[in-house]
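Breakdown of the fold
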Amino acid sequence: MSLNTLTFSLPEDLQTAVEATIKDWQTGGKVEKLWMKDAGVWTNEDEGHWLGWLDIVERQVADRQKFADFQAEVKAENFSHILLLGMGGSSLCPEVLSFTFGKKNGFPELHILDSTDPAQIRAVESKIDLQKTLFFVSSKSGSTLEPNIFQQYFFERVSQTIGADKAGSRFVAITDPNSKMQKVAEENNFRKIFYGDATIGGRYSALSDFGMIPLAAMGVDVADFLNRTNEMAAACRQNASENPGVILGAILGTAWKDFGRDKVTIYTSPKIFDLGAWLEQLIAESTGKQGKSLIPVDREQVVPVSEYGDDRVFAYLKVEGDDERDAEIEELEASGQPFIKIVLPEIANLGQEFFRWEVATAVAGAIMEINPFNQPDVEASKIVTKKLTSEYEETGSLPDEKPIYEADGIKLFTDEPNAKRLNEAVGGEKTLENYISAHLDRIQRGDYFGLLAYVQMNEANQKSLDEIRHSVLENFQVATCLGFGPRFLHSTGQGYKGGANNGVFLQITCDDAEDLAVPNQKYTFGTVKAAQARGDFAVLAERKRRALRLHLGADVREGLAKIGKIIERLNH
């Protein structure tokens, strides 16, 4: 076994500042304090309660027989698919594992559902055989809306397919002890309940059962995966100057604190292309609060070095021999921009990066003088969503909305202060193009652009949205982010709402061509998605973010193409 390597090149002034930070961690004994779970490393609040992830690998290695036993049980049952129902920390690590390790011979194929978009739910259902699928319902608290309604829907579908008396045998819960989901699992005779650790927050739960049980069910050697990861955990106990987690965290935190570099731009080689989806949540949800943030930028195209500002740190993670992207990133590595390079000898070492980045994010949070283990702003949009869905249950409809402009089947919505500024900028020339142009013209140097799309996450929509974000990157030369709703609400949404006010947001919503009922509820999945989008936008507006919502008709592809052509024509 070997340790993943980390190399970096930094501007001289940043290099000097990072060395000073590492020296401070060394002389202050902060690595020891971290491992002693001392809240004084951060803000002396409740941080000490949330550090169970530090020794989880050790505990999982000791309990490794559990994974081998469950793996054998899954294989013996001959399941064709696994469908994991979850959000954020419960689903993003399994998604990365699924894309990275793929389907193993003799084991089921892992799929993830983390969207309330009716078309996406139908698309996922069409990929599985309900008679031969094992469902994981993953929810730490057991009270998160989406996993609960996913479970209601698929439990009913399985009951209709194989009979209500057998349905429970096709479901596994992964949840914290004494949660609402544990009670649901017990009442419905689920096959198994695996427990999380109440001292590990969702985004730090990759190496707990939330990540490792799905990995076992996929047919991957979990004991080997954990042993490799333990190498990194041991290295992260070392002196600060030799500590691969502390060094990375010192770069990220010092670049933010001393130089205002608050965008962490992540590139990955093809074999681990989805790792950025997990890193996004870890970084944004941990650091985006109290008006401070590191904004992760994942899957952005590489542009000429001259087009980047001085507000970024770049990280390139690759597997040895997986060299497809090396040439395009070479110029960036030599450009003088802060550049971090991490190389995995093989994909089996992926767990080392989960652990390294967890330590690094905790260290960066300490340098930023925040609590990296809470998420105070995630709850805000959930509250608005719950209010809207409750109103729907009572009245049968969501509150009326009035667009500020409507043309070509597209409606524009925003709050009063944003509407006032946009109307002033547009003047008498009220067109869709002018409104979009006026909104994007608010982008300033050092800002980032967030494209928040409450549409089906599929290849065609991904391509259209990528084209929109890349037009903004090229025309406005700022960092760009793309998130699919509602999944980003459990990920980068915390950073967008609680972090620095330097984001310009374009939210995209749509009519659902065909809705989908939620069993035992008046509201539908489409209603929930609409309420989530409204709740998200309401909190962005309340936080005085520059935000505009574009509502498309039912033909999402046509609507995105129309918007894409407009934005492509714009010049800053």
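The structure we're discussing is the one just above.
I will try to describe carefully the structure that is included in this document. None of these values were measured; they are calculated from a predicted model.

On a plain count of helices and strands, the protein comes out with 22 helices and 16 strands. Buried residues in the protein amount to 62% of all 572 residues. Long-range pairs, those at least 24 residues apart, make up 79% of the contacts in the protein between residues at least 6 apart in sequence. Placing the 62 positive and 85 negative side-chain charges of the protein at their respective mean positions leaves the two points 3 Å apart.

The next subject is the environment of Ile410. On the secondary structure map, Ile410 appears in strand β12 (residues 410-413). The spacing of Ile410 and His551 is 141 residues in sequence and 5.6 Å in space, taken between C-alpha atoms. Those residues in contact with Ile410, other than ones at most four positions away along the chain, are Tyr405, Leu432, Leu550, His551, Leu552, Gly559, Lys562 and Ile563.

As a further point, take the sheet that holds strand β7 (residues 263-268). Pairing in this open sheet of 5 strands is mixed, and the strands run β1-β10-β9-β7-β8 from one edge to the other. Looking along the sheet, the strands with just one partner apiece sit at the ends: β1 (5-9) and β8 (295-298). Taken over all neighbouring pairs, the strand axes of this sheet differ in orientation by 20° on average, direction set aside. One ladder, built from 4 bridges, connects β7 with β8; its direction is parallel. Considered in β8, the bridge of Val264 is made with Pro296.

Inspection of every chain in the model, using the stated rule, returns 39 salt bridges. Measuring nitrogen to oxygen at the nearest pair gives 3.1 Å for the salt bridge that ties Arg228 to Glu346. Of this pair, Arg228 sits in helix α11 (residues 222-235) while Glu346 sits in the loop between β10 (339-344) and α15 (350-367), and the two are 118 residues apart along the sequence. Of the residues examined, Arg228 reaches a relative accessible area of 12% and is grouped as buried. Measuring nitrogen to oxygen at the nearest pair gives 3.6 Å for the salt bridge that ties Asp310 to Arg445. Of this pair, Asp310 sits in the loop between β8 and β9 (312-319) while Arg445 sits in the loop between α18 (432-440) and β13 (448-453), and the two are 135 residues apart along the sequence. With a relative accessible area of 44%, Asp310 lands in the partly exposed category. Since its relative accessible area comes to 69%, Arg445 is described here as exposed. Among the ionic contacts, a cluster of salt bridges with common partners joins Lys37, Asp55, Arg59 and Asp197.

Cut-off values and rules
Residues numbered from 1 in each chain as written. Predicted model: local features only at pLDDT ≥ 70, side-chain atom pairs only at ≥ 80, totals over all residues. Heavy atoms only, no water. Helix = DSSP H or I, 4+ residues; strand = E, 2+ residues; numbered from the N terminus. Buried < 20%, exposed > 50% of the residue type's maximum accessible area, 1.4 Å probe, protein only. Contact = heavy atoms within 4.5 Å. Lys, Arg positive; Asp, Glu negative; His and termini not counted. Charge placed at Lys NZ, Arg CZ, Asp CG, Glu CD. Pairing = 2+ DSSP bridges. Axes fitted to C-alpha atoms, helices over the stretch in contact; angles between N-to-C directions. Salt bridge = Lys/Arg side-chain N within 4 Å of Asp/Glu carboxyl O.

These figures capture arrangement, not role.
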